[in-house]
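Inside the fold
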Amino acid sequence: IISAMGTWILDSKLLPPAAPDPWSRPLPAAAAGTPATVGAIEAGPGAGKTLALLGLALAWEAAGARTVWLALDELDAEPATLFAYLLAGLRGLAPAAGAGLAGALAAGADPRLLWRLFFQEAAALGGLTLALDDAHLAGDLAGLAAELPRLPAGVRVAAASRGRLGWPVQQLAL
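The rules behind these values
Residues numbered from 1 in each chain as written. Predicted model: local features only at pLDDT ≥ 70, side-chain atom pairs only at ≥ 80, totals over all residues. Heavy atoms only, no water. Helix = DSSP H or I, 4+ residues; strand = E, 2+ residues; numbered from the N terminus. Buried < 20%, exposed > 50% of the residue type's maximum accessible area, 1.4 Å probe, protein only. Contact = heavy atoms within 4.5 Å. Areas by Shrake-Rupley, 256 points an atom, 1.4 Å probe, with all protein chains shown as cover. pLDDT = per-residue confidence, 0-100. Axes fitted to C-alpha atoms, helices over the stretch in contact; angles between N-to-C directions. Parallel < 35°, antiparallel > 145°, perpendicular 65-115°, else oblique. Left-handed = near helix turned anticlockwise from the far one by under 90°.

Points about the overall build of the protein
Check the secondary structure of the protein and you find five helices and five strands. In sequence order, the protein lays out its α and β elements as β-α-β-α-α-α-β-α-β-β. For the protein, with 174 residues in total, the buried portion stands at 47%. Contacts in the protein between residues far apart in sequence, at least 24 positions, make up 75% of those at least 6 positions apart. Carbon and sulfur atoms form 58% of the exposed surface of the protein, whose accessible area is close to 8000 Å².

Quick look at the structure:
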């Protein structure tokens, strides 16, 4: 699929993995109703970060939140690519969403503005969880850490990473 910005979008990056059946892992502590808005699952390879992130997203969905899932890679360190995927994720929930974000992205806006527009759109959809898998692969995620203290009501960000993200987050134990 090619986005409105001319960027190739791989649908598989926007799909969470299938939940194991039966589900045998305990959910991260924050999934049990903690009001955290930002969380990070940081552990080494094979520790179960992706499944923990999935469990967290599913728990928040059960409480009424919708999720934009993004499996990150090195190409997402480029803000235009990252935000093309985030826009596609929003439009997967509501096809008409993201007009302001799309316009700013096409105009080459500063990533701080793009994050603010993304979170504004997320709030307008009634809130959502942004689940970022393999966050360690995408650099500083276009300065996301600076925008986390400004999250609108109803918007959550959770990430799984092999390394420290350096975000102002609640660390979630596996």
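And the narrative resumes.
Concerning the confidence of the model for the protein
Averaged over all residues, the pLDDT of the protein is 86; the fraction at 70 or higher stands at 83%. Here strand 5 (residues 170–171) stands out as the least confident element of the protein, with mean pLDDT 53; strand 2 (residues 66–71) is the most confident, with 97.

A few points about the packing of helix 3 (residues 99–106) against helix 4 (residues 111–124)
Each pair of packed helices can be described by the angle between their axes along with the distance between the axes. Direction vectors running N to C along helix 3 and helix 4 enclose 165°, while the axes themselves pass 8 Å from each other. Relative to helix 4, helix 3 is oriented roughly antiparallel. For the element pair helix 3 and helix 4, the recorded crossing hand is left-handed. Residues Ala99, Gly100, Leu101, Ala104 and Leu105 of helix 3 pack against Leu114, Leu117, Phe118 and Glu121 of helix 4.

Regarding the packing of helix 2 (residues 79–93) against helix 3
Contact geometry for helix 2 and helix 3: axes closest at 10 Å, N-to-C directions at 160°. Judged by the inter-axis angle, helix 2 sits roughly antiparallel to helix 3. Relative to helix 3, helix 2 is oriented so that their crossing is left-handed. Touching Ala80, Phe83, Ala84, Leu87, Leu90 and Arg91 of helix 2 are Ala99, Leu101, Ala102 and Leu105, all from helix 3.

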